[in-house]
Amino acid sequence: MDDHEQTVLDDLRAHGYKVTQARRAVIRALTGSVRPLSVNELHAQAQRMNPAIGLVTIYRTVELLTHLDLIRPVHLMDNCHGYAVASPGHTHHLVCKKCHRAVEFDGCDLGLFLEQVARETGYRITGHWLELEGICARCQAADGSAPQP
Ligand SMILES: [Zn+2]
Ligand SMILES: [Zn+2]
């Protein structure tokens, strides 16, 4: 078990939840993956730990972990989405369009923009969801086009 997996499991316990086999399997798969994984992929990996874990259980697990902000949905090709581990605090994901490798970056500079939207719409804005896509340095190198300085 790596440190990252342990940290997320500790967070789960700190929220008062038990570490079930399905929860451990999902967290292990996501902390061990450099790209977001779909529910089906998570299910396949969980079944390697215990073939009795059903797809519905994985859906519920993903829902719970998302609700607790331990993982985040990340948009993938063809209107499907995957999940990636989320660090505590204000972070967003940047996903490579080619290999789907995802990295997190800290915060964003949306403060003034959100204030303006709130003023214009009368809404009290309570959250936002931002995701960037691009081509990672590795895929750029594989293309033969050097990364931009
Ligand atoms: Zn890439
Ligand atoms: Zn943000």
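Located above this text is the structure these notes cover.
Residues numbered from 1 in each chain as written. Chains lettered and ligands numbered in written order. Predicted model: local features only at pLDDT ≥ 70, side-chain atom pairs only at ≥ 80, totals over all residues. Heavy atoms only, no water.

Colleague: Describe the coordination of the zinc ion (ligand 1), naming the residues involved and giving the relevant values.
Modeller: For the zinc ion (ligand 1), the full set of protein donor atoms is Cys 96 (SG), Cys 99 (SG), Cys 136 (SG) and Cys 139 (SG), and the range of their distances to it is 2.2 to 2.3 Å. Considering all four donor atoms around the zinc ion (ligand 1), the spread of angles at the metal, 106 to 113 degrees, places the coordination shape in the tetrahedral class. Between consecutive donors of the zinc ion (ligand 1), the numbers of intervening residues give the motif C-x2-C-x36-C-x2-C. With respect to class, Cys 136 is no different from Cys 139; both count as buried. (Donors = N, O, S within 2.8 Å, 3.2 Å for Na, K, Ca; no water. Tetrahedral: all angles 85-135°; square planar, octahedral: opposite > 155°, others 65-115°. Buried < 20%, exposed > 50% of the residue type's maximum accessible area, 1.4 Å probe, protein only.)

Colleague: Can you explain the coordination of the zinc ion (ligand 2)? Please cite residues and give values.
Modeller: Listed as protein donors to the zinc ion (ligand 2) are His 90 (NE2), His 92 (NE2), Cys 108 (SG) and His 128 (NE2); their distances from the metal cover 2.0 to 2.2 Å. Between the four donor atoms coordinating the zinc ion (ligand 2), the angles at the centre fall across 100 to 118 degrees, so the site counts as tetrahedral. If you list the donors of the zinc ion (ligand 2) from N- to C-terminus, the spacing comes out as H-x1-H-x15-C-x19-H. Here His 128 lies in the loop between helix H5 (111-121) and strand S5 (131-134) and His 92 lies in strand S3 (residues 91-96), a separation of 36 residues in the sequence. Accessibility expressed as a relative area gives 30% for His 128, which makes it partly exposed. (Helix = DSSP H or I, 4+ residues; strand = E, 2+ residues; numbered from the N terminus.)

Colleague: Describe the side chain of Thr 31, naming the residues involved and giving the relevant values.
Modeller: Within the secondary structure, Thr 31 sits in helix H2 (residues 21-31). Assessed through its relative accessible area of 13%, Thr 31 is described here as buried. Only 2.9 Å separates the side chain of Thr 31 from the backbone oxygen of Ile 27, close enough to count as a polar contact. Engagement of the side chain of Thr 31 in a polar contact is seen with the backbone oxygen of Arg 28, the distance being 3.3 Å. (Polar contact = N/O pair within 3.5 Å; in protein donor to acceptor, adjacent residues only side chain to side chain.)

Coordinates in, geometry out; function isn't part of it.
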